[in-house]
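# Examination of the molecular architecture
The lines below spell out each chain.
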Amino acid sequence: MDITERKLAEDRLRESEARYRLLFQNLSSGFALHEIVKDENGNPCDYRFLEVNPAFETLTGLKADQLVGKTVLAVMPDIESYWIETYGRVATTGEARHFENYSRELNKYYAVTAYRPEPGRFATIFTDITDRKRAEKALRKSESALIKAQQIGKIGSWWYDPAAQMPKWTEEMFRIFGLDPSSGEPSFREHRKILHPDDWELFHRSVITSVREGIGYDIELRVIRPDGEIRYVNARCEVIKNEKGMVTQLAGTTQDITERKLAEMELNKLAEAVGQASEGIVITKTDGCIIYANPAFFQITGYTREEIMGSNPRILKSGKQNAAFYQEMWETILSGRRWSGRLINKRRDSTVFTAECSISPVKDQDGRIVNFVWITRDISREVELEKRVAQAQKMEAIGALAGGIAHDFNNILFPIMGFSEMLLEDIPPENPAHDNIKQILTAAARARDLVKQILAFSRQSDPQKMPMRLQPVLKEVLKLSRATIPTNIELTSNIEKNCGMISADPVQVHQIAMNLITNAYHAVEEKGGSIHLELREREFGDDDLPGPMMQAGRYVCLSVSDTGTGIDKAILSKIFEPYFTTKAMGKGTGMGLSVVHGIVREYGGDIRVYSEKGKGSAFHVYLPLLENAGEGKKALEIREYPTGSERILLVDDEEQIVRMVQIILERLGYRISAHLRSPEALARFKEDPRNFDLVVTDMSMPEMTGEQLAAEVMRIRPDIPLILCTGFSEKINPEKAAAMGIRGFVMKPVVTGELAEMVRKVLDESGTGT
């Protein structure tokens, strides 16, 4: 038989098998040939390894002698979970399958191709894809982290194809806009519905410019969510071009910046408030360099922004506070504590002002001081008011002291004057002692007037205008001034003896003269000089009146001149304003000339000032004269006094006063029941209220005041007349006494005639006398 064809076929088969074997042995993918194992029902249930190539051994780590003749599930039990679904379908249908497989035992990923080369056989090709799968997993983690980062930063990404006019959004974009991702991305035109109407034009113009000119954008927009909430976003865009330079795509991000924007808006409100604040607010570096100052600070200090920025607050130093003061301040703020206090600073024009300041350190998150915030307020006016209040309190204290002195001093003067008057009545004029006693009475009367001046100066008594001559008051003022002004300053006077009388309060005239001389003294105090006081009469017609408030007629002119520093013409018109002063601190309150001006105007007069810088000043006070004014009553004239025989209850805690008044009233014919204690006097009155026609009581007594005694007495007998005597009291005056039902009010010390007339007047008006 010719077997040539068969031999040729066998040769070709051997060659084919050799090529197959060579390919099988050198294939980089793992290859396994299996025999299908069927169960008792004839269904495939497993595969038995018939052959594996070297690559399979390398990929799986299993050797051929460990596999050949064994079933797959015996060697790789972890593939049972997808056996029927994958391999079983290939074995049953003969359909090739491509899938990925993970081996827990080997901790590797494989790409698998399974097919049935012939009935009863099953082949698998394995490729190790572990590196790729791990890279994909890492990429997914990275993408997940990116998505998470975008969610945290509220940043969404987008792409836009101008040709298709449809954008592509990430999930965060939908969240920012409050849209449902299932509804799809809004088109370019649909953005008009989801952006604020006032921002659409900006967005539209920015996109068109990017497409046409290839320029990206970075803009802020407002988004209106479906629920009406407005959110602020920052939209950024970059353009992508092809090799020809044409824009093919826009890519960018959209970040929700609502919280930041709202915070900026609040910060702007705060900045505006700081800018409008009346307090000066400054921020400095730790070395003191100013990096911010609000408008109020420029207004307070007088410096411009250019002069302040970058400078140091030490430019405001006035030199009024020592180095220890500033050292304590710096030690406080550098230790991280707030410092507050008062700084005496200097403005740009060198004027000094008092500032209430608070300096607070600003720390970073690590606790390090990075800035100082300085809040300052000009309290110069408040300080001035504090001084005025302190002065008022001092005057109030002086007034209280003067009141106490007046009370005690009047109680001393009362018996001196009373007993002196009685001695004058008892001793005949030809007796040498008569004139001596008269001098005692005159001195006591002057002392009484001095007490009145003290009370008026301390605002404890009201001005009492009366006809008076200026000469005695001016002589007292000169005597007092000479005792207080240094001898290197010459003090001269020229007082006309024949100047007429004016209607005035002697205390206020005393104030006028003292203030003018004190003002002149301050003008010559530093370099020395002279002060001259002059009093004369002047007559003016309608055409030559020196002041607009004056009328034609006769005036007394009181002039005080000095050779001092003089007054600048620029401030001459302000010298009579309250609290205006050019004197150094502690030299005056600025009220002296204002008080003088007020008194003079009240009297219908005027005050004129003539001054030249460096050559002195002259103040001329014009007061209208009284026409045909008599000399008035002689205070010490001895005359006949009204008498009576009524029964009087007398009460005073001063034994000398009780004794003196008792003697005076008994000499006038009255019957006196005298007592040193008010409870004792009240008990005596209760024994027989109808036995008394009048009660005369002192005001200030220890156990029961005169006011209280009067109330008790009138409660028992409402019609009983009372006379209240006092040396001084803030609680009682003639008006208050009258309102209580007290018929008479007498200020101690009182002379015999005044007391006699008051007692008779009260008795006659009450109708209780006999």
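Model, not experiment: these values are computed from the prediction. (Residues numbered from 1 in each chain as written. Predicted model: local features only at pLDDT ≥ 70, side-chain atom pairs only at ≥ 80, totals over all residues. Heavy atoms only, no water.)

Take the layout of surface pockets next. One number sums up the size of the second largest pocket: a volume of about 320 Å³. At the level of elements, helix H13 (323-334), strand S13 (339-346) and strand S15 (369-378) are the ones that each hand at least two residues to the lining of the second largest pocket. The element contributing the most residues to the lining of the second largest pocket is H13, with four residues. (1 Å grid on protein atoms, 1.4 Å probe; cavity = no way out; pocket = protein on both sides within 12 Å on 5 of 7 lines; lining within 4 Å. Points joined across faces, edges and corners; volume = space filled by probe spheres on them. Helix = DSSP H or I, 4+ residues; strand = E, 2+ residues; numbered from the N terminus.)

Within the secondary structure, Thr124 is located in strand S5 (residues 121-128). Reaching out from Thr124, the side chain makes a polar contact with the side chain of His34 at a distance of 3.3 Å. (Polar contact = N/O pair within 3.5 Å; in protein donor to acceptor, adjacent residues only side chain to side chain.)

Ordered in space as S12-S11-S15-S14-S13, the five strands form an open sheet in which the pairing is antiparallel. Among the strands making up the open sheet, the edge pair consists of strand S12 (290-293) and S13. For this sheet the average axis-to-axis angle between neighbouring strands, irrespective of direction, equals 30°. Packing against the sheet, H13 makes contact with S13, strand S14 (352-363) and S15, and its axis sits at approximately 140° to S13. (Pairing = 2+ DSSP bridges. Axes fitted to C-alpha atoms, helices over the stretch in contact; angles between N-to-C directions. Contact = heavy atoms within 4.5 Å.)

Quick look at helix H9 (residues 197-213) now. With 17 residues, H9 extends 25 Å between its outermost C-alpha atoms, agreeing within 8% with the 24 Å of an ideal straight helix rising 1.5 Å per residue. For H9, the full list of buried residues reads Asp199, Trp200, Phe203, Ser206, Val207 and Ser210. The buried residues of H9 all sit within an arc of 140° when viewed along its axis, so they share a single face. Set apart from the buried face of H9 by more than 90 degrees, the exposed residues are Pro197, Asp198, Arg212 and Glu213. The secondary structure elements touched by the buried residues of H9 are helix H8 (191-194), strand S8 (217-224), strand S9 (230-241) and strand S10 (247-256). A positive phi of about 70° marks Gly214, the residue just after H9. (Expected span 1.5 Å × (residues − 1). Buried < 20%, exposed > 50% of the residue type's maximum accessible area, 1.4 Å probe, protein only. Arc of directions from axis to C-beta.)

With that out of the way, let us pick up the packing of helix H20 (residues 678-687) against helix H21 (residues 706-716). Viewed as axis vectors pointing N to C, H20 and H21 meet at an angle of 10°, and their least axial separation amounts to 11 Å. One element, H20, and the other, H21, form an angle in the roughly parallel class. In this structure, H20 uses Ser678, Leu682, Phe685 and Lys686 to contact H21, whose residues at the interface are Leu709, Glu712, Val713 and Ile716. Of the residues that constitute the contact of H20 with H21, the class distribution is five nonpolar, one polar and two charged. (Parallel < 35°, antiparallel > 145°, perpendicular 65-115°, else oblique. Nonpolar A, V, L, I, M, F, W, Y, C, P; charged D, E, K, R; others polar.)

Taken in spatial order, the five strands make up an open sheet running S2-S1-S5-S4-S3, and their pairing is antiparallel. Each edge of the open sheet is held by one strand with a lone partner, namely strand S2 (44-52) and strand S3 (97-103). For this sheet the average axis-to-axis angle between neighbouring strands, irrespective of direction, equals 35°. As paired elements, strand S1 (residues 30-38) and S2 share seven bridges and run antiparallel to each other.

It is worth spelling out H13 at this point. End to end, H13 covers 16 Å across twelve residues, agreeing with the expected 16 Å (1.5 Å per residue, within 8%). Along its buried surface, H13 packs onto S13, S14 and S15. Of the residues flanking the start of H13, the one acting as N-cap is Asn322, its side-chain oxygen 3.3 Å from the backbone nitrogen of Ala324. Positive phi shows up at Gly336, right after H13, with a value of about 95°.

The next thing to look at is a nonpolar patch on the surface. Together, Ile405, Phe409, Ile412, Ile416 and Ile440 make up a nonpolar patch on the protein surface, roughly 410 Å² of accessible area in all. At four residues, the largest contribution of residues to the nonpolar patch is made by helix H14 (residues 380-426). Tracing the backbone shows Ile412 in helix H14. (Patch = residues over 30% accessible without salt bridge, like charges linked within 9 Å, V, L, I, M, F, W, Y side chains within 5 Å. Areas by Shrake-Rupley, 256 points an atom, 1.4 Å probe, with all protein chains shown as cover. Salt bridge = Lys/Arg side-chain N within 4 Å of Asp/Glu carboxyl O.)

In this model, Ser350 sits at a positive phi of 75°, which is unusual for a non-glycine residue. Positionally, Ser350 belongs in the loop between S13 and S14.

A few words now on the pairing of strand S6 (residues 155-161). Every other side chain in a regular strand lies on the same face of the sheet, so the side chains alternate between the two faces. As defined by bridge partners, S6 adjoins S10 across six bridges and the pair is classed as antiparallel. Pairing of Gly156 across the sheet is with Thr254, part of S10. With four bridges joining them, S6 and strand S7 (residues 166-169) adopt antiparallel strand pairing. Bridging from a neighbouring strand, Asp161 pairs with Met166 of S7.

The tendency in soluble globular proteins is for nonpolar side chains to be buried as a group. In terms of nonpolar packing, the biggest core is built from 42 residues, with Ile502, Leu516, Ile531 and Phe619 touching the most fellow members. The leading source of residues in this core is helix H17 (residues 506-524), at nine residues. Residues Val658, Tyr670, Ile672 and Cys725 belong to the second largest nonpolar core, which totals 26 residues. (Core = buried A, V, L, I, M, F, W, Y, C linked by side-chain atoms within 4.5 Å.)

What follows covers the pattern of salt bridges. Taken as a whole, this structure holds 34 salt bridges when the rule is applied. Between Glu171 and Arg175 there is a salt bridge; the shortest N-O distance is 3.3 Å. Highlighted residues: Glu171 and Arg175, both in helix H7 (residues 171-177), separated by four residues, approximately one helical turn. A relative accessible area of 38% places Arg175 in the partly exposed class. The partner of Arg368 in a salt bridge is Asp366, with the nearest N and O atoms 3.4 Å apart. Here Arg368 matches Asp366 in class, with each residue exposed. It is possible to trace a salt-bridge network through shared partners that takes in Arg225, Glu229, Arg231, Asp256 and Glu259.

Turning next to empty space enclosed by the protein. Here the structure, examined in full by the defined rule, presents three cavities of 30 Å³ or more. Reported here for the largest cavity is a volume of approximately 210 Å³. Lining the largest cavity are 17 residues, and of these Trp158, Trp169, His191, Phe203 and Tyr217 sit closest to its centre. Counting residues per element, the ones that place at least two in the lining of the largest cavity are S6, S7, H7, H9, S8, S9 and S10. The residue inventory of the lining of the largest cavity, partitioned by class, reads 15 nonpolar, two polar and no charged.

On to the packing of aromatic side chains, then. By the definition in use, this model includes twelve aromatic pairs. Plain terms: the ring middles of Phe56 and Phe126 are 5.2 Å apart, the flat faces sit at 75° to each other, and that makes the pair edge-to-face. Highlighted residues: Phe56 in helix H2 (residues 54-60) and Phe126 in strand S5, separated in sequence by 70 residues. Both residues of the pair, Phe56 and Phe126, belong to the buried class. Each member of the aromatic cluster is reached from another via a ring pair, and the members are Phe49, Phe56 and Phe126. Seen from the ring of Tyr326, Lys317 lies directly overhead, with NZ or CZ sitting 4.3 Å from the centre. (Phe/Tyr/Trp six-rings, centres within 6.5 Å; stacked < 30°, edge-to-face > 60°. Lys NZ or Arg CZ within 6 Å of the ring centre and 35° of its normal.)

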